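# Structure assessment
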Amino acid sequence: MRFTYAEAMTQATFYAPLARAAEAAGYTSMTVADSLIYPQESDSKYPYTDTGDREFLEGKEFIETMVLCAHLFAVTTTLRLTPFVLKLPVRPPVLVAKQASSLAFLSGNRLGLGVGISPWPEDFAALGVPWDQRGKRMDECMDILRGLTSPEGDFFGFHGDFYDIDPLKQCPAPTEPIPLLVGGHADAALRRAVRRGDGWMHAGGDGEELDRLLTRLAEIRKQEGDTRDDFEVHVISYDAYDVDGVRRLEDRGVTDCIVGFRMPYIKGPDTEPLETKVKHLEQYAENIIAKVNR
């Protein structure tokens, strides 16, 4: 089992010391959150909390995801970073491919690129991208990313419903394929993770819902004839805070446990000191990671 440290919506200056602490404690990865704008007015609902409110985002310090990845890669040597998740279809896919290739190349292939569809219509409007057919746009973005980040560095062209790209290549290419990890709980997201991705990222929820999602993911993989041993399954679960629970997750095919130590969906600033955050991640590493992986 691999373990990913998750911290979001805290002081931006905390991320570098937390990444170094997570690496030293034995975590495989750290998540990097993505938020582009906070609109003054919105009727949109957040799909991964009970109330759907989005006020918890107001005033939070979000460094642009790929920029923060570059910063954290520069202060670590082994820690993997997994954007959780990059809002892909609102961004130009050729630009994302260049950013991802550059990060993978400079970091020694430590990027696991979590991608998803933004739940906010306002993101699409602000970036000048139509909200309609966003799922199909997402599929094309993933295909373009796959083609342009190939380790072979060959010319790649694409002609779809949304993007028309004459053959081009970008240099330097990553020396290994960049894993594309698809976030989302909808059936289409699970199927996209299997058909176009290299893994799936769970966004949270109760144990019963997670069990349903894992069952459905396994069904889709069977339907698609997917027998990959390296398919990644990243989940958030209370089981991850107990050694026996981690074993249960392993038995369900989970490869990566995402763990955090506070509720991030709070209004107002995060007042937890950096020293407390480090203590929590170190205690978990001592009590769980060391025992699971010994």
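Anything mentioned here points back to the structure above.
First things first, this report covers the structure right here in the doc. Nothing here was measured: the structure is a model prediction, and the numbers come from that model.

Here is what the cut-offs are and how they apply
- Residue indices begin from 1 for each chain and proceed along its sequence in written order.
- At least 70 in pLDDT is required for a residue's local features to be given in this predicted model, at least 80 for side-chain atom pairs to be given and counted, and no such filter applies to totals for whole chains, interfaces and linings, which use all residues.
- Only heavy atoms go into the side-chain values, all of them from the structure, while hydrogens and water stay out.
- Strands here mean DSSP runs of E at least two residues long; helices mean DSSP runs of H or I at least four residues long; both are numbered from the N terminus.
- This radius of gyration counts C-alpha atoms alone. The globule rule is 2.2 Å times how many residues there are, raised to the power 0.38.
- Exposure is judged per residue with a 1.4 Å probe applied to protein chains only, and the accessible area is read against the type maximum: over 50% gives exposed, under 20% gives buried, and values in between give partly exposed.
- Throughout, a contact is declared for two residues whenever any of their heavy atoms are within 4.5 Å.
- Only the protein chains shown count as covering a residue, and every accessible area follows the Shrake-Rupley method with a 1.4 Å probe.
- When charges are tallied, Lys and Arg are placed among the positive residues and Asp and Glu among the negative ones, while His and the ends of the chain are skipped.
- By convention, charge coordinates are those of NZ in Lys, CZ in Arg, CG in Asp, or CD in Glu.
- For two strands to count as paired, DSSP must find a minimum of two bridges between them.
- Each axis is a line fitted through C-alpha atoms, and for a helix only the stretch in contact is used; angles between axes span 0 to 180 degrees, taken between their N-to-C directions.
- Directions drawn from the helix axis to the C-beta atoms are what define this arc.
- Whenever two N or O atoms come within 3.5 Å, that pair is a polar contact, provided that in protein one can donate a hydrogen and the other can accept it, and provided that, for residues adjacent in sequence, both atoms are side-chain atoms.
- Only buried Ala, Val, Leu, Ile, Met, Phe, Trp, Tyr and Cys residues count toward a nonpolar core, and they belong to the same one when joined by side-chain atoms within 4.5 Å.
- Within this document, salt bridges are pairs made up of a side-chain nitrogen of Lys or Arg and a carboxyl oxygen of Asp or Glu, the two lying within 4 Å of each other.
- Orientation categories follow fixed angle ranges, with anything under 35 degrees roughly parallel, anything over 145 roughly antiparallel, 65 to 115 roughly perpendicular, and all other angles oblique.
- By definition, any crossing whose near helix is turned counterclockwise from its far helix by less than a right angle is left-handed, and any crossing with a clockwise turn is right-handed.
- Following the grouping adopted for this structure description, the nonpolar residues are Ala, Val, Leu, Ile, Met, Phe, Trp, Tyr, Cys and Pro, the charged ones are Asp, Glu, Lys and Arg, and the polar ones are all others, Gly among them.
- Helix span is expected to be 1.5 Å times the residue number reduced by one.

## Remarks on the overall build of the protein
- Secondary structure assignment for the protein yields nine helices and 11 strands.
- Computed over its C-alpha atoms, the radius of gyration of the protein comes to 19 Å, within 12% of the 19 Å expected for a compact globule of 294 residues.
- Along the first, second and third principal axes, the C-alpha set of the protein runs to 50 × 45 × 40 Å.
- Put simply, the protein has 294 residues, and 51% of those count as buried.
- Within the protein, residue pairs in contact and separated by at least 24 positions form 69% of the contacts whose partners lie at least 6 positions apart.
- As displayed, the protein has an accessible area near 14000 Å², and 51% of this comes from carbon and sulfur atoms.
- Averaged over its 33 positive side-chain charges, the protein has a centre that lies 2 Å from the centre of its 46 negative ones.

## What about the sheet that holds strand β9 (residues 199-201)?
- In spatial order, the strands read β3-β2-β1-β11-β10-β9-β8-β5-β4; together these nine strands make up an open sheet with parallel pairing. Among the strands making up the open sheet, the edge pair consists of β3 (80-83) and β4 (86-87).
- In the sheet, strand β10 (residues 232-235) pairs with strand β11 (residues 256-259) via two bridges, with the strands oriented parallel. Following the sheet pairing, Val235 is matched in β11 by Cys257.
- Packing of helix α6 (residues 187-195) onto the sheet brings it into contact with β8 (180-183) and β9, and relative to β8 it is tilted by some 170°.

## Regarding helix α8 (residues 243-251)
- Along α8, the residues classified as buried are Gly245, Val246 and Leu249. Around the axis of α8, the buried residues are gathered within 100° of arc, so they sit on the same side. Along α8, the residues that are exposed and aim more than 90 degrees away from the buried face are Asp244 and Asp251.
- Buried-residue contacts for α8 involve β1 (2-5), α7 (207-223), β10, β11 and α9 (274-292).
- Sitting at the amino-terminal end of α8 is Asp242, which places a side-chain oxygen 3.0 Å from the backbone nitrogen of Asp244.
- Backbone geometry just after α8 places Gly253 at a positive phi near 95°.

## Quick word on the nonpolar core
- Counting 69 residues, the largest nonpolar core has Phe3, Tyr27, Leu113 and Trp200 as the members making the most contacts within it.
- Tallying contributions element by element places α9 first for this core, with eight residues.
- Residues in contact with Phe3, not counting those within four places in the same chain, are Tyr27, Thr28, Ser29, Val246, Cys257, Tyr284, Ile288, Ile289, Val292 and Asn293.
- Core analysis: the next-biggest nonpolar cluster, separate from the first, contains five residues, Tyr46, Phe56, Leu57 and Trp120 among them.

## Some words on the side chain of Arg137
- One can find Arg137 in helix α5 (residues 134-148).
- Lacking a salt bridge, the buried Arg137 has Glu140 as its closest oppositely charged neighbour, with an N-O distance of 7.0 Å.

## A word on the packing of helix α1 (residues 15-25) against α9
- Running from amino to carboxyl end, α1 crosses α9 at an angle of 20°, the nearest separation of the two axes being 10 Å. The pairing of α1 with α9 is recorded here as roughly parallel in orientation. Every pair of crossing elements has a handedness; the one defined by α1 and α9 is right-handed. For the pair formed by α1 and α9, the contact residues are Pro17, Leu18, Ala21, Ala22 and Ala25 on the first element and Leu274, Lys277, Val278, Leu281 and Ala285 on the second.
- Residue composition of the contact of α1 with α9, grouped by class: nine nonpolar, no polar and one charged.

## Brief notes about α5
- Taking 1.5 Å of rise per residue, the 15 residues of α5 would be expected to cover 21 Å, and the 21 Å separating its terminal C-alpha atoms lies within 8% of that figure.
- Those residues of α5 that are buried are in contact with α3 (93-107), β5 (113-116), β6 (156-159), β7 (164-168), β8 and α6.

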